[in-house]
Amino acid sequence: MKNAKWIIILLAFSLLLAGCTRKEEASGKAPERYQATYLSLFDTVTTLVGYAESEEAFNAEAKQIHDEMLTYHRLYDIYNEYDGLVNLKVINEKAPYGPVRTDRKVIDLILFAKEIYEATDHRVNIALGSVLSLWHEAREDGIYDPLHAYLPDMDALREAALHTDLDKVVVDEKNLTVFFEDPEIRLDVGAIAKGYATQRVMENTSLSMLISVGGNVAATQPKPDGSSWIVGLQDPDGSDGSYKNKVALMTGAVVTSGDYQRYYVVDNVEYHHIIDPETLMPGRYWRAVSVITSDSGVADALSTALFLMDREEGQKLLDRYGAYALWTATDGTEYQSEGYENVRR
């Protein structure tokens with residue numbers, strides 16, 4: 001079900017970008033437009049659309065992006081280990097017993113997460129892993145066996161929530177180590193990893209390119225003719241992946257968090273994957289929140305944070321980062337942040 005839905009979104013994304021195929025004719029004008037798609041990064045569909053002087057040049061850049069993103073994917077994976085890498089799975093297993101030396105990319109992500117943790121009043125918390133693992137297990141079981149779908153035990157959730165203080169994750173930048181002062185803390189970076197990795201890769205990309213990683217969309221620079229990229233915001237009620245709104249990006253990113261992306265059903269009620277640290281239940285303020293800002297990692301984090309707070313508090317957070325947002329309420333009503341009209345198309 002999950003893969004089928006992303007394929008639908010991928011097809012709609014491709015159509016929105018003027019129906020380009022792997023190579024699009026440029027009417028004799030260089031550079032030309034190309035596209036590449038990968039299914040091996042962050043367990044989602046990744047699409048690259050960009051302009052290059054030749055197919056070979058685009059493919060070389062696309063391979064570099066893929067390889068860099070694959071490294072981030074493996075380092076931030078909490079479920080699998082990889083030869084030669086001390087990733088988050090290894091850290092979750094060993095950091096309760098002493099400092100674990102890891103890659104600088106992991107250290108930098110945790111430091112970024114600590115900044116976001118404070119800025120969002122702890123709503124975006126990568127130390128929520130023990131709570132999220134209970135929801136993950138219940139969701140996977142419910143998707144596999146819908147007739148016996150269940151909710152996580154609330155007492156177990158409350159017990160897990162006692163071990164979610166990110167301040168107890170100690171980072172030694174000089175020695176590149178991570179240590180858990182609370183041995184029951186577990187990290188889960190799902191709320192920020194895709195956006196953060198996309199931002200880092202964008203900074204090393206020389207081509208004019210639009211990168212979509214599971215719907216987290218970022219532009220490296222304007223199109224060669226100086227025009228903006230037009231990006232669709234998926235309709236939360238559109239089962240075909242259709243777009244209800246569009247925004248224009250010269251550079252920067254747009255990221256959407258929604259209740260329609262990953263969920264399962266218990267007693268005819270849908271339970272999505274964005275868990276409120278205060279209630280330990282899926283957030284119920286909104287159906288979707290899209291954030292547009294200059295940094296993909298920040299956009300990823302803010303879209304989660306705004307999903308878990310009211311609009312007034314969300315606007316204050318947007319102002320802090322110079323970002324814009326579009327909220328979709330549970331009844332379908334849309335609300336625009338201050339300045340959103342600058343990017344709406």
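Our structure's up above, just so we're on the same page.
This report concerns the structure included in the present document. (Residues numbered from 1 in each chain as written. Predicted model: local features only at pLDDT ≥ 70, side-chain atom pairs only at ≥ 80, totals over all residues. Heavy atoms only, no water.)

1. Looking at helix H4 (residues 104-119)
With 16 residues, H4 should reach 22 Å at 1.5 Å per residue; the first-to-last C-alpha distance of 23 Å fits that figure. Residues of H4 that are buried include every one of Val 106, Ile 107, Leu 109, Ile 110, Phe 112, Ala 113, Lys 114, Ile 116, Tyr 117 and Ala 119, and no others. Backbone geometry just after H4 places Asp 121 at a positive phi near 55 degrees. (Helix = DSSP H or I, 4+ residues; strand = E, 2+ residues; numbered from the N terminus. Expected span 1.5 Å × (residues − 1). Buried < 20%, exposed > 50% of the residue type's maximum accessible area, 1.4 Å probe, protein only.)

2. Quick notes on a negative patch on the surface
A surface patch of negative charge is lined by Glu 137, Glu 140, Asp 141 and Asp 145. Within the element layout of this structure, Glu 137 appears in helix H5 (residues 129-144). (Patch = residues over 30% accessible without salt bridge, like charges linked within 9 Å, V, L, I, M, F, W, Y side chains within 5 Å. Areas by Shrake-Rupley, 256 points an atom, 1.4 Å probe, with all protein chains shown as cover. Salt bridge = Lys/Arg side-chain N within 4 Å of Asp/Glu carboxyl O. Lys, Arg positive; Asp, Glu negative; His and termini not counted. Charge placed at Lys NZ, Arg CZ, Asp CG, Glu CD.)

3. Regarding the pattern of salt bridges
In total, this model carries 11 salt bridges according to the counting rule given. Across the salt bridge formed by Arg 123 and Glu 313, the nearest N and O atoms sit 2.9 Å from each other. Of this pair, Arg 123 sits in the loop between H4 and H5 while Glu 313 sits in helix H9 (residues 311-321), and the two are 190 residues apart along the sequence. The buried category is assigned to Arg 123, whose relative accessible area is 11%. Owing to a relative accessible area of 28%, Glu 313 belongs among the partly exposed residues under this scheme. Look at the salt bridges and you will find they share partners, linking Glu 81, Lys 89 and Glu 93 into a network.

4. What about the nonpolar core?
Formed by 71 residues in total, the largest nonpolar core has its most connected members in Phe 42, Phe 58, Tyr 76, Leu 187, Ile 192, Val 291 and Leu 306. The greatest single-element share of this core, amounting to 8 residues, is contributed by H4. Here Leu 187 is in contact with Ile 78, Leu 88, Asn 92, Ile 110, Ile 126, Ala 127, Gly 129, Leu 166, Val 169 and Phe 180, once residues within four sequence places are set aside. (Core = buried A, V, L, I, M, F, W, Y, C linked by side-chain atoms within 4.5 Å. Contact = heavy atoms within 4.5 Å.)

5. Looking at the packing of aromatic side chains
All chains considered together, the criterion is met by 9 aromatic pairs. Taking 5.6 Å as the distance between ring centres and 25 degrees as the angle between the ring planes, the aromatic pair formed by Tyr 34 and Phe 58 counts as stacked. Pair noted here: Tyr 34 is in strand S2 (residues 32-41) and Phe 58 is in helix H2 (residues 55-75), with a separation of 24 residues, a long-range link. For Phe 58, a relative accessible area of 0% translates into the label buried. Grouped by ring-pair contacts, the aromatic residues Tyr 72, Tyr 76, Phe 112 and Tyr 196 constitute a single cluster. Sitting above the plane of the Tyr 196 ring, Arg 200 keeps its charged end 4.6 Å from the centroid. Arg 284 extends its terminal NZ or CZ atom over the ring of Tyr 271, reaching a point 5.6 Å from the ring centre. (Phe/Tyr/Trp six-rings, centres within 6.5 Å; stacked < 30°, edge-to-face > 60°. Lys NZ or Arg CZ within 6 Å of the ring centre and 35° of its normal.)

6. A closer look at the sheet that holds strand S5 (residues 169-172)
The strand order across the open sheet built from 3 strands is S4-S6-S5, with neighbouring strands paired in antiparallel fashion. If you trace the sheet from one side to the other, it starts and ends with strand S4 (100-101) and S5, each paired once. Pairing analysis gives 2 bridges linking S4 to strand S6 (residues 177-180), with the strands arranged antiparallel. Directly across from Arg 101, in S6, lies its bridge partner Thr 177. Each of S5 and S6 touches H4; the most contacted strand, S5, lies at about 130 degrees to it. (Pairing = 2+ DSSP bridges. Axes fitted to C-alpha atoms, helices over the stretch in contact; angles between N-to-C directions.)

7. Observations regarding the packing of helix H8 (residues 296-307) against H9
Across the interface, H8 lies against H9 with an axial gap of 10 Å and an inter-helix angle of 165 degrees. By the criterion of interaxial angle, the relationship of H8 to H9 is roughly antiparallel. For the element pair H8 and H9, the recorded crossing hand is right-handed. Along the contact surface, H8 presents Val 298, Leu 302, Ala 305 and Leu 306, while H9 presents Gly 314, Leu 317, Leu 318 and Tyr 321. Of the residues contributing to the contact of H8 with H9, the split by class is 7 nonpolar, 1 polar and no charged. (Parallel < 35°, antiparallel > 145°, perpendicular 65-115°, else oblique. Left-handed = near helix turned anticlockwise from the far one by under 90°. Nonpolar A, V, L, I, M, F, W, Y, C, P; charged D, E, K, R; others polar.)

8. Digging into the environment of Lys 105
In this structure, Lys 105 sits in helix H4. Under the relative-accessibility criterion, Lys 105 is labelled partly exposed at 29%. Put simply, Lys 105 and Leu 166 are 61 residues apart on the chain and 18 Å apart in space, counted from C-alpha to C-alpha.

9. Some thoughts on the packing of H5 against helix H6 (residues 154-161)
Packing of H5 against H6 leaves a shortest axis separation of 7 Å and a crossing angle of 155 degrees. Judged on the interaxial angle alone, H6 and H5 are roughly antiparallel. Every residue of H6 that contacts H5 at Ser 130, Val 131, Leu 134 and Trp 135 is listed here: Ala 156, Leu 157, Ala 160 and Ala 161. Partitioned by chemical class, the residues of the contact of H5 with H6 number 7 nonpolar, 1 polar and no charged.

10. Some details on the pairing of strand S12 (residues 263-266)
In S12, alternate side chains face the same way, and those of Tyr 264 and Val 266 are buried while those of Tyr 263 and Val 265 on the opposite face are not. Across 4 bridges, the pairing between S12 and strand S13 (residues 269-272) is antiparallel. Of the residues in S13, the one forming a bridge with Tyr 263 is His 272.

11. A look at unusual backbone geometry
Within the chain, Leu 176 stands out as a residue other than glycine whose phi angle is a positive 55 degrees. Residue placement: Leu 176 occurs in the loop between S5 and S6. One non-glycine residue with positive phi stands out, namely Asp 267, at about 50 degrees. With respect to the secondary-structure elements, Asp 267 resides in the loop between S12 and S13. What makes Asp 267 exposed here is its relative accessible area of 71%.

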